[in-house]
Amino acid sequence: MYEIKFHPSWDIYFSKLDSTMKKRVMKKILQLQYDIPSRHLKQGLPYFVVEVGQYRLCFSIDEKSKTKTLYFVGDHKEYEKWLGL
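Analysis parameters
- Residues numbered from 1 in each chain as written.
- Predicted model: local features only at pLDDT ≥ 70, side-chain atom pairs only at ≥ 80, totals over all residues.
- Heavy atoms only, no water.
- Helix = DSSP H or I, 4+ residues; strand = E, 2+ residues; numbered from the N terminus.
- Buried < 20%, exposed > 50% of the residue type's maximum accessible area, 1.4 Å probe, protein only.
- Contact = heavy atoms within 4.5 Å.
- Salt bridge = Lys/Arg side-chain N within 4 Å of Asp/Glu carboxyl O.
- Phe/Tyr/Trp six-rings, centres within 6.5 Å; stacked < 30°, edge-to-face > 60°.
- Lys NZ or Arg CZ within 6 Å of the ring centre and 35° of its normal.
- Polar contact = N/O pair within 3.5 Å; in protein donor to acceptor, adjacent residues only side chain to side chain.

A. Geometry of the environment of Trp 82. Tracing the backbone shows Trp 82 in helix α3 (residues 76-83). For Trp 82, a relative accessible area of 21% gives the class partly exposed. A sequence separation of 54 residues divides Trp 82 from Lys 28, and the C-alpha atoms of the two residues are 20 Å apart. Beyond its immediate chain neighbours, meaning those up to four positions away, Trp 82 contacts Tyr 13, Tyr 47, Cys 58, Tyr 71 and Phe 72.

B. View of the pattern of salt bridges. Evaluated as defined, the whole model comprises two salt bridges. Close ionic contact of Arg 56 with Glu 51 constitutes a salt bridge, the shortest N to O distance being 3.7 Å. The class of Arg 56 is buried, set by a relative accessible area of 11%. Between Glu 63 and Lys 66 there is a salt bridge whose closest N-O contact spans 3.7 Å.

C. Broad picture of the packing of aromatic side chains. Enumeration over the complete set of coordinates arrives at seven aromatic pairs. With a centroid separation of 5.6 Å and 45 degrees between ring planes, the pair formed by Phe 6 and Trp 10 is classed as tilted. Between Tyr 47 and Tyr 71, the ring centres sit 5.1 Å apart and the planes meet at 70 degrees, which makes this aromatic pair edge-to-face. Of this pair, Tyr 47 sits in the loop between β2 (39-40) and β3 (48-52) while Tyr 71 sits in strand β5 (residues 67-75), placing them 24 residues apart in sequence. An aromatic cluster is built from Tyr 13, Tyr 47, Tyr 71, Phe 72 and Trp 82, whose rings are joined through pairwise contacts. One cation-aromatic arrangement involves Arg 56 over Tyr 79; the distance from NZ or CZ to the ring centre is 5.8 Å. Over the ring of Tyr 2 we find Lys 68; its NZ or CZ atom is 4.4 Å from the centre of that ring.

D. Inspection of the side chain of Arg 56 at higher detail. Relative to the helices and strands, Arg 56 resides in strand β4 (residues 55-62). In this structure the side chain of Arg 56 is engaged in a polar contact, spanning 3.3 Å, whose partner is the side chain of His 76. Sequence-distant contacts of Arg 56, that is, excluding residues within four places in its chain, are made with Arg 39, Val 49, Val 50, Glu 51, Phe 72, Val 73, Gly 74, His 76 and Tyr 79.

Rendered as structure tokens:
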């Protein structure tokens, strides 16, 4: 089981979501405590991503400390902007 941590900038992105999407994202965050399927981002970035409907949830994994740190949640357009594409 993984411990979930939040990057300081997480609140900026999470606060933009409506209440329905916040609930869906929180449900996915609870699932992240376990080994759920996620994909590694391309371009050699150290992040993983899972989808919540049309939204993306980006995080990193530290296997030593068994933690997942959440960095970003947003739609595809915001996701590309966050990645710098």
